[in-house]
Amino acid sequence: MKPQDLVTLRWKLLCFSPKTFCLTERESDAWAYLLRRTVPKQPRSPRRVASLGTATVPSSPVPAFCRTLLPLVEQGKILEKTEACSQIAFTRYVRSGRKPGPDPQLSMRDARFGRVPGRVYRPRAPSAGLRAGAIFCHGGGWLYCSFGRAGRVHQSVAHLVGTLLLTPEHKYPAAYEDCLNATIHFMKHMELYGVDPANVIVCRDSAGGNIAAAVSQTLAGRSDLPKLCAQILIYPGLQALDFNLPSYQQNQGVPLLFRERAAFYMLQYLNGNASNLEEVLEGSHIPIDIKLNYRKWVSPDNIPEKFKVRGYKPHVLLDCTTEVYETVKRFCEPNLCPLLAEDALIQQLPETFMLTCEYDVLRDDGLLYKKRLEDNGVRVTWGLDSIVKFIKGL
C-alpha cells in the first residue's frame, strides 16, 4: 500500500461529499490493509464482524469512520477483502436489524400464494364494499429482501407483499417467477381477500419496480385473468444494455445507489457473480449490432436535453467478445430488462404512475420507459423527485 493512498483517504474523510462517497478499488484495498491490523485472520460471522466498531476494537479510527460515513456496501467490500466476512452476508445482517413495529390501524397475516410465501395487510376499519388490491414486489437489488413495512395503506386497500427468492442463491428468473406466481394465485382467488377484480395494481421501487414491470408485461396478454388496473413504478431499473446513459454518468457516485453497484446487482441477479463487471460498466458486454437494434429504445437521444446539461459526455459504442456476450446475453430478455419489450406488448399495458429521482443513476431508465409507454398510447403520470425527498421518505 502506498502512502498517497492513505493521504487520499484522509482527504475523503475531511472533504466528505456525495462525489467522494464511493471508494476506488485502491482506496478499498487501503482500508482493508488497515483493518487487517484489528480483524483476526480467520473468517467471522456477520454478527461478530458487526461488532468491530464497538467492543472489539474501540481504539481503532477505521471502524468508527465506517459506522458514521462509509456506506454499508463499502464496509462489506472492505470486510470481504480482509476475509472476515462476505460483503453480501454483512449487509444482509445489518439490514435485518431494521424491524418495523406494529401498526394499530392495520391487521397483518402471513399467507401462501400457491407455493410462494407472502403477507397480507388490511386496514382494521370495516369496508362498505370490495377493497382495491396492491401487489407489492420487494426491492433490495434482488439481494436483500424481507417482508418489512407496508407503509401507509389506504382504508380501501388490501395489500399483498410478495417475497423474493434472493440472488446469488437463486438466479434469474427465480425472483421474477416468484412474484409472477404469487400475483397469478392472488388474482385467481381475490374473493378470499375481499378484493375488487377491477381494481388491482402492481407496484414497488428499484429492483421491485423491475419485477413489477415484468409481471405487468407478462399478465398484459392473459385473457384468463382480470386486467391490472395500473402499475406503479418507483425509480425502477429497467435495462442492462447501457450503464453510460446521462444519469449513470452524472450520478455515479451519489448515494444511495452507485453506478458500480447498479451493475453489480444486475450481474448478481443474472449469474450469481459479478465477474464481467468491468465489461458491463464500459459497455463492452453486448455486440454493437444488438445495441444498434435496441438503440431506438435505449439511447441518450431519447432523453430530454434538460437532463443532459449536468456534465454528460456521449459514450463511444464498444464491441464485445463472444465469450463475454455468452455470459450476459439474457440481458436482452424483457422479463429481465422490461424496457426491451416489443411495441405490441407495451401497447397492452395498464395506466402507469412513475416516479424518478434527479440525483439517481436509475433516472434515465424511467425516462426511457415513460417515453415508450407514451409513444404506444399508454397513459402515464410521471413525477420527478429530488434525492433529498427520496431519503426523507425511507
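I will try to describe carefully the structure that is included in this document. If you're wondering where the values come from, they're calculated on a predicted model, not measured in any experiment. (Residues numbered from 1 in each chain as written. Predicted model: local features only at pLDDT ≥ 70, side-chain atom pairs only at ≥ 80, totals over all residues. Heavy atoms only, no water.)

### Quick look at the packing of helix α8 (residues 174-188) against helix α9 (residues 207-220)
Stage number 1. It is at 10 Å that the axes of α8 and α9 come closest, and there the two elements cross at 55°. Here α9 runs oblique to α8, going by the angle between their axes. As for how α8 packs across α9, the hand of that crossing is right-handed. Each of Ala175, Tyr176, Cys179, Leu180, Thr183, Ile184 and Met187 in α8 lies in contact with α9, whose residues at this interface are Ile211, Ala214, Val215, Thr218 and Leu219.
Stage number 2. Along the lines of polarity and charge, the residues of the contact of α8 with α9 split into 10 nonpolar, two polar and no charged. (Axes fitted to C-alpha atoms, helices over the stretch in contact; angles between N-to-C directions. Helix = DSSP H or I, 4+ residues; strand = E, 2+ residues; numbered from the N terminus. Parallel < 35°, antiparallel > 145°, perpendicular 65-115°, else oblique. Left-handed = near helix turned anticlockwise from the far one by under 90°. Contact = heavy atoms within 4.5 Å. Nonpolar A, V, L, I, M, F, W, Y, C, P; charged D, E, K, R; others polar.)

### Quick word on the pattern of salt bridges
Stage number 1. As enumerated under the stated definition, the model contains 13 salt bridges in all.
Stage number 2. Salt-bridge contacts for Asp205 lead to Arg204; the nearest nitrogen and oxygen are separated by 1.7 Å. The pair Asp205 / Arg204 is uniform in exposure class, with both members buried.
Stage number 3. Two residues, Asp343 and Arg372, come together in a salt bridge whose shortest N-O distance is 2.4 Å. Taken together, the residues span a long stretch of sequence, with Asp343 in helix α15 (residues 343-346) and Arg372 in helix α16 (residues 363-375) at a distance of 29 residues.
Stage number 4. With a relative accessible area of 4%, Arg372 lands in the buried category.
Stage number 5. Here the residues in one salt-bridge network are Arg310, Glu358, Arg363 and Asp364, joined through shared partners. (Salt bridge = Lys/Arg side-chain N within 4 Å of Asp/Glu carboxyl O. Buried < 20%, exposed > 50% of the residue type's maximum accessible area, 1.4 Å probe, protein only.)

### So, the environment of Ala220
Stage number 1. When you line up the elements, Ala220 lands in helix α9.
Stage number 2. Taking the relative accessible area as the measure of exposure, Ala220 reaches 6% and is therefore buried.
Stage number 3. Separated by 130 residues in the primary sequence, Ala220 and Pro350 have C-alpha atoms spaced 7.9 Å apart.
Stage number 4. Beyond its immediate chain neighbours, meaning those up to four positions away, Ala220 contacts Lys227, Leu345, Gln348 and Leu349.

### Some points on the packing of aromatic side chains
Stage number 1. Applying the stated criterion to the full structure yields nine aromatic pairs.
Stage number 2. Ring plane angle 70° and centroid distance 6.3 Å describe the contact between Phe113 and Phe186, whose orientation is recorded as edge-to-face. Of this pair, Phe113 sits in strand β1 (residues 106-113) while Phe186 sits in helix α8, placing them 73 residues apart in sequence. Each of the two residues, Phe113 as well as Phe186, counts as buried.
Stage number 3. Taken together, a centroid distance of 5.1 Å and an interplanar angle of 70° make the contact between Phe243 and Tyr248 edge-to-face.
Stage number 4. Here Tyr248 falls in the buried class, since its relative accessible area comes to 1%. (Phe/Tyr/Trp six-rings, centres within 6.5 Å; stacked < 30°, edge-to-face > 60°.)

### Thoughts on unusual backbone geometry
Stage number 1. In this model, Tyr172 is joined to Pro173 through a cis peptide bond whose omega is 10°.
Stage number 2. You can see Pro173 is positioned in the loop between β4 (157-162) and α8.
Stage number 3. Phi at Arg204 is positive, roughly 160°, even though this residue is not glycine.
Stage number 4. Locating Arg204 in the fold gives a position in strand β5 (residues 195-205).

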